[in-house]
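Listed below are the residues making up each chain.
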Amino acid sequence: MTGIIDSHAHICGEELFPRLQEVAKGAKDEGIEKIMVVCSDLREVKRALAAAAADSMFDVAVGFHPNEALKISREDWEELKIVLENPRVKAVGEIGMDYFSYETIVPKVLQKELFISQMELANGLNKPVLIHMRMAGEDTRRYIKGHLKVPGILHNYSGGYKAMKDFLELGMYISFSGNITFEAGDESTRKALTEVPLDRLLIESNSPYQTPVPAAGSTNEPKNIIHVVDCICRLRGIEREELLMAVRDNYYRIFPA
């Protein structure tokens, strides 16, 4: 069977890194051939680069999440630019916009500046971006349209069908995670999931978040991506092999081996 590609997992953070070897073994046992390890800070990326040097299963991405905009120092920014030049770092992300009402709200203007600056870094390095979008579809689309010149992936997509069509017109890839297993009853989510072209579709675990049904209640791991696969196959009426082959082709089109 075609190997499974997990295009977005936070396995070098505090929740999963202490048992990274166990997590990696579980993923391999489930048929996962590649995991994009997404790092939200520079300590995580050091761990991820060491893991990628030891095992080709791992690719690495690093970027500053929009919710971190208030915490980033000039030194952090300079170090990010250096780290992104490492050939083992395949993508810039996750970056983007988040308008959810958190306890600490990052001003939209700061998020915008950080998002655009990181897209421009990605353009200069010719590295794809992983985009976080929460309740910010219109602004995210506008900033992508105005600034992005490299491939982009909308990760953990939940923006609905209408917005998805706009992002597809901009050349974006759409990645679904465990959220679809408990949002599939939502008409807009279901329509997005069933009508996204196969040549733009990716899947992810988003570990340790968004644990899919039926594993909900436990800390998410890459191995649980199989439930995302089965949900998509059921809703689209296709076989696993067709989905996994399409996802694999899409991933290696964005990130050539």
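Preceding this section is the structure that the text describes.
Residues numbered from 1 in each chain as written. Predicted model: local features only at pLDDT ≥ 70, side-chain atom pairs only at ≥ 80, totals over all residues. Heavy atoms only, no water.

Examining the packing of helix α4 (residues 108-125) against helix α5 (residues 137-147)
Running from amino to carboxyl end, α4 crosses α5 at an angle of 35 degrees, the nearest separation of the two axes being 10 Å. The interaxial crossing formed by α4 with α5 has right-handed handedness. Contacts between α4 and α5 involve Lys112, Phe115, Ile116, Met119, Glu120 and Asn123 on the former and, on the latter, Thr140, Tyr143, Ile144 and His147. The class makeup of the residues in the contact of α4 with α5 is five nonpolar, three polar and two charged. (Axes fitted to C-alpha atoms, helices over the stretch in contact; angles between N-to-C directions. Helix = DSSP H or I, 4+ residues; strand = E, 2+ residues; numbered from the N terminus. Left-handed = near helix turned anticlockwise from the far one by under 90°. Contact = heavy atoms within 4.5 Å. Nonpolar A, V, L, I, M, F, W, Y, C, P; charged D, E, K, R; others polar.)

A word on the pattern of salt bridges
Counted according to the given criterion, the structure contains 16 salt bridges. Close ionic contact of Asp59 with Lys34 constitutes a salt bridge, the shortest N to O distance being 3.5 Å. Of the two residues, Asp59 is situated in strand β3 (residues 58-62) and Lys34 in strand β2 (residues 32-39); the sequence distance between them amounts to 25 residues. Residue Asp59 shares its accessibility class with Lys34, and that shared class is buried. Where Glu68 meets Lys71, a salt bridge forms, and the shortest distance between an N and an O atom there is 3.7 Å. (Salt bridge = Lys/Arg side-chain N within 4 Å of Asp/Glu carboxyl O. Buried < 20%, exposed > 50% of the residue type's maximum accessible area, 1.4 Å probe, protein only.)

Some remarks on the state of the cysteines
Within this structure, the stated rule accounts for zero disulfides. As a non-bridged cysteine, Cys12 has Cys39 as the owner of its nearest cysteine sulfur, 5.5 Å distant. (Disulfide = S-S within 2.5 Å.)

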